[in-house]
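Here is how the chains run, residue by residue.
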Amino acid sequence: MRAVQSTLVAVALVVWMASSVAQPLRVNAFPNAKALPLHAGVAKGIFARHGVAPELTFTENSTRQREGLAAGTIDIALSAVDNAVAMVEVAHQDVIIVTGGDSGMNEFFVQPYVRSFADLRGRIVVVDAPDTAYALLAKKILLKHGLEAGKDYAVKPVGRGELRLKAMAQDKENAAAILNLPFTIQAEELGLKSLGSTVDMLGPYQANGAFVQRAWAIRNGPLLERFIAAYVESLRWAMQPANREEATGMLMEKLKLSRHVAERTYRMLADPSRGFTPDAKFDREGFANMLALRAEMESRGAPAPKPEKYFDLSYYERALARLSK
């Protein structure tokens, strides 16, 4: 018993010593299931062991997150990397993507009265912001079914995932939205229905990732690498089957989920084909598809820029090298 107590004291001391010298880092994300590695990394002292003290904040929508990164009130943003592309192309900010994350886990949800995509003619589609990932995916899918935004249906920006779900739950005139975890599961329980996965409809897609201002990365390279290393280690911890129960508890606590919804959410996050990408690896094919989609929907079919313009994976590679030592 004394040996166990001594070990626990020693571990606590190591974590305390690491956190006492950890560098603060302002990290902003969306308050959805994809934030699990952040919560796990803080709770298990993983960031502290890497000398990082994340100050976590959660955004209401993509627009505010981009504004915060541009203004320097956010150091690292984690969300759809389409936002990084928008910052480069629309706001002319020198932003780089430094990790991958997942392919979206997105599904196209509709009200019960909607039998097919054709039934969305004359209806309202709710989105996060009108010019980024969820809106572009919805517009492309509907265009494939002969419906054009602004002409055949209205696009209404309402913000992040739970706000899109809330909008559909409170007003049946809001006919459709693209949702991700845990809101897809909650939507099912409210009687809404899925018309399918966006990846199944549109192919590989680089969705979530981390992105920063390039100048900030140059000034803070070692700190960024430590953050990425800690994030990858936190993701590994969260996806270990032995940690499923504890990770599920974190989803319940942080997202205010019932056990049933949290357990289903965790299983989907851990799904090797649809969940988190192992080690937050960047998907070059999925990113090229995302750029092509953006060029088609936002630039009237102009050729997509070269992908290398938007990312620098050297920080990620050095971070993985840290973990392999």
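Look a little higher up for the structure.
The shown structure was predicted, so the numbers you read here are calculated from the model rather than taken from an experiment.

Looking only at helices and strands, the chain has 15 helices and 10 strands in total. Here the C-alpha atoms of the chain give a radius of gyration of 20 Å, agreeing with the 20 Å that 2.2 N^0.38 yields for 325 residues. Judged by the C-alpha coordinates and their principal axes, the chain covers about 70 × 45 × 30 Å. Counting the 325 residues in the chain, one finds 52% classified as buried. Pairs at least 24 apart in sequence give 81% of the contacts found in the chain among residues at least 6 apart. Of the roughly 14,600 Å² of accessible surface on the chain, 54% is carried by carbon and sulfur atoms. Side-chain charges in the chain split into 40 positive and 35 negative, and the spacing between the mean points of these groups amounts to 2 Å.

Quick look at the sheet that holds strand 7 (residues 154-157) now. Sheet strands line up and pair through hydrogen bonds in the backbone, either parallel or antiparallel. Strand order across the open sheet formed by 5 strands is 7-6-8-5-9, with mixed pairing between neighbours. Edge positions in the open sheet fall to strand 7 and strand 9 (193-197), since each of these has one partner strand only. Averaged over all adjacent pairs, the angle separating strand axes in this sheet is 25 degrees, with direction ignored. Pairing of strand 5 (residues 107-110) with strand 9, which is carried by 3 bridges, proceeds in the antiparallel orientation. What sits directly across from phenylalanine 109, in strand 9, is serine 194.

This part covers the nonpolar core. Counting 47 residues, the largest nonpolar core has Ile76, Leu224, Phe227, Ile228 and Leu251 as the members making the most contacts within it. The element that contributes the greatest number of residues to this core is helix 11 (residues 221-239), accounting for 11 residues. Apart from the residues lying within four places of it in its own chain, the contact partners of isoleucine 228 are Val98, Thr99, Tyr315, Tyr316 and Ala319. Core analysis: the second largest hydrophobic core is formed by 43 residues, Leu147, Tyr205, Leu291 and Leu293 among them.

Take unusual backbone geometry next. Following leucine 181, the chain continues into proline 182 via a peptide bond in cis, with omega recorded as 0 degrees. For proline 182, the position within the fold is in the loop between strand 8 (174-179) and helix 8 (183-189). In this model, aspartate 279 sits at a positive phi of 60 degrees, which is unusual for a non-glycine residue. Tracing the sequence through the fold places aspartate 279 in the loop between helix 13 (259-269) and helix 14 (284-298). With a phi close to 55 degrees, alanine 280 is a non-glycine residue in the positive phi region. The topology assignment puts alanine 280 in the loop between helix 13 and helix 14. On the basis of relative accessibility, which here comes to 1%, the residue alanine 280 falls in the buried class.

Close contact between helix 11 and helix 15 (residues 314-324) brings their axes to 8 Å; oriented N to C, the two are set at 60 degrees. In terms of orientation, helix 11 lies oblique with respect to helix 15. Remark: the crossing between helix 11 and helix 15 carries right-handed chirality. Note on element contacts: helix 15 touches helix 11 through Tyr315, Tyr316, Arg318, Ala319, Leu320, Arg322 and Leu323, opposite Gly221, Pro222, Leu224, Glu225, Arg226, Ile228, Ala229, Val232, Glu233 and Arg236. Classifying every residue of the contact of helix 11 with helix 15 by side-chain character gives 10 nonpolar, 1 polar and 6 charged.

In this section: the pattern of salt bridges. For side chains of opposite charge, pairing can occur when their charged atoms come near one another. With the rule as written, the count across this model stands at 20 salt bridges. Note that lysine 140 is salt-bridged to glutamate 296, the shortest N-O span being 2.9 Å. Highlighted residues: lysine 140 in helix 6 (residues 133-144) and glutamate 296 in helix 14, separated in sequence by 156 residues. Relative accessible area serves as the criterion here: at 18%, lysine 140 is assigned to the buried category. Given the relative accessible area of 33%, glutamate 296 is considered partly exposed. Here the residues in one salt-bridge network are Glu225, Arg318 and Arg322, joined through shared partners.

This part covers the sheet that holds strand 2 (residues 52-58). Across the sheet, which stays open at both edges, the 5 strands sit in the order 2-1-3-10-4 with mixed pairing between neighbours. Of all the strands in the sheet, just strand 2 and strand 4 (95-97) have a single pairing partner and so form its edges. Sheet twist, expressed as the average angle between the axes of neighbouring strands with direction ignored, equals 30 degrees. Here strand 1 (residues 23-29) runs beside strand 2; their pairing, made up of 7 bridges, is parallel. Residue pairing for strand 2: leucine 25 is matched across the bridge by proline 54.

Scoring rules and cut-offs
- Residues numbered from 1 in each chain as written.
- Predicted model: local features only at pLDDT ≥ 70, side-chain atom pairs only at ≥ 80, totals over all residues.
- Heavy atoms only, no water.
- Helix = DSSP H or I, 4+ residues; strand = E, 2+ residues; numbered from the N terminus.
- Rg over C-alpha atoms; globule rule 2.2 N^0.38 Å.
- Buried < 20%, exposed > 50% of the residue type's maximum accessible area, 1.4 Å probe, protein only.
- Contact = heavy atoms within 4.5 Å.
- Areas by Shrake-Rupley, 256 points an atom, 1.4 Å probe, with all protein chains shown as cover.
- Lys, Arg positive; Asp, Glu negative; His and termini not counted.
- Charge placed at Lys NZ, Arg CZ, Asp CG, Glu CD.
- Pairing = 2+ DSSP bridges.
- Axes fitted to C-alpha atoms, helices over the stretch in contact; angles between N-to-C directions.
- Core = buried A, V, L, I, M, F, W, Y, C linked by side-chain atoms within 4.5 Å.
- Parallel < 35°, antiparallel > 145°, perpendicular 65-115°, else oblique.
- Left-handed = near helix turned anticlockwise from the far one by under 90°.
- Nonpolar A, V, L, I, M, F, W, Y, C, P; charged D, E, K, R; others polar.
- Salt bridge = Lys/Arg side-chain N within 4 Å of Asp/Glu carboxyl O.

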